[in-house]
Amino acid sequence: GNGIGARGAKALGKGLAGNESVVNLVLDNNNLGNEGVCLLLRGLEKNSTLEELRLDNNEIDDTTYAIDEETGKMMGYPLLPEMKERLERNHGIRTLSLVFNQLQRRLTKSLFKAALINDHPRREEVAFEVII
């Protein structure tokens, strides 16, 4: 990884918002933390071409709250519900890898299974996979 952290994740998310060519994004070992993942996913809401997102070993956990970089205040929700909400809005991602993070396997899988219950334009083609 390159250690881009939350600030780099935010910039990357903004850049990918309108991108139509990136299909796989590997951000393993980049010290994103919960804040960086939240900021990245905000940009990815508007991206429909990304199919695989790898966030392995990024100090992500399901207990801490994320901090809003712009206001410096704590966001009022844990990371996993935030991820679920953002992924429900993104209709391209089919594989999300979260290996070597501090996440509870059962809770994580149940949240992402719930994320699949949306009106996906290609619902019949999608086999969403969470790798923990």
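Residues numbered from 1 in each chain as written. Predicted model: local features only at pLDDT ≥ 70, side-chain atom pairs only at ≥ 80, totals over all residues. Heavy atoms only, no water.

## Focus: the packing of helix H1 (residues 5-16) against helix H2 (residues 33-44)
A pair of packed helices is captured by two measures, namely the crossing angle of their axes and the spacing between those axes. Two elements in contact, H1 and H2, have axes separated by 7 Å at closest approach and are oriented at 10 degrees. Taken together, the axis directions place H1 and H2 in an arrangement best described as roughly parallel. Residues Ala6, Ala9, Lys10, Leu12, Gly13, Lys14 and Leu16 of H1 form the contact with H2, whose participating residues are Glu35, Gly36, Leu39, Leu40, Gly43 and Leu44. Across the contact of H1 with H2, the residue classes tally to 7 nonpolar, 3 polar and 3 charged. (Axes fitted to C-alpha atoms, helices over the stretch in contact; angles between N-to-C directions. Helix = DSSP H or I, 4+ residues; strand = E, 2+ residues; numbered from the N terminus. Parallel < 35°, antiparallel > 145°, perpendicular 65-115°, else oblique. Contact = heavy atoms within 4.5 Å. Nonpolar A, V, L, I, M, F, W, Y, C, P; charged D, E, K, R; others polar.)

## Looking at the nonpolar core
Judged by nonpolar contacts, the single largest core of 23 residues is most densely connected at Val37, Leu44, Leu53, Leu55, Met83 and Leu98. It is H2 that provides the largest number of residues to this core, a total of 5 residues. (Core = buried A, V, L, I, M, F, W, Y, C linked by side-chain atoms within 4.5 Å. Buried < 20%, exposed > 50% of the residue type's maximum accessible area, 1.4 Å probe, protein only.)

## Observations regarding H1
In a regular helix each residue adds 1.5 Å, so 12 residues correspond to 16 Å; H1 covers 16 Å between its end C-alpha atoms and thus fits that length. Among the residues making up H1, those that are buried are Gly5, Ala6, Ala9, Lys10, Gly13 and Leu16. The arc enclosing the buried residues of H1, seen along the axis, measures out at 160 degrees, which places them on a common side. H1 presents Arg7, Lys14 and Gly15 as exposed residues on the side facing more than 90 degrees away from its buried surface. Residues of H1 that are buried make contact with strand E1 (24-26) and H2. (Expected span 1.5 Å × (residues − 1). Arc of directions from axis to C-beta.)

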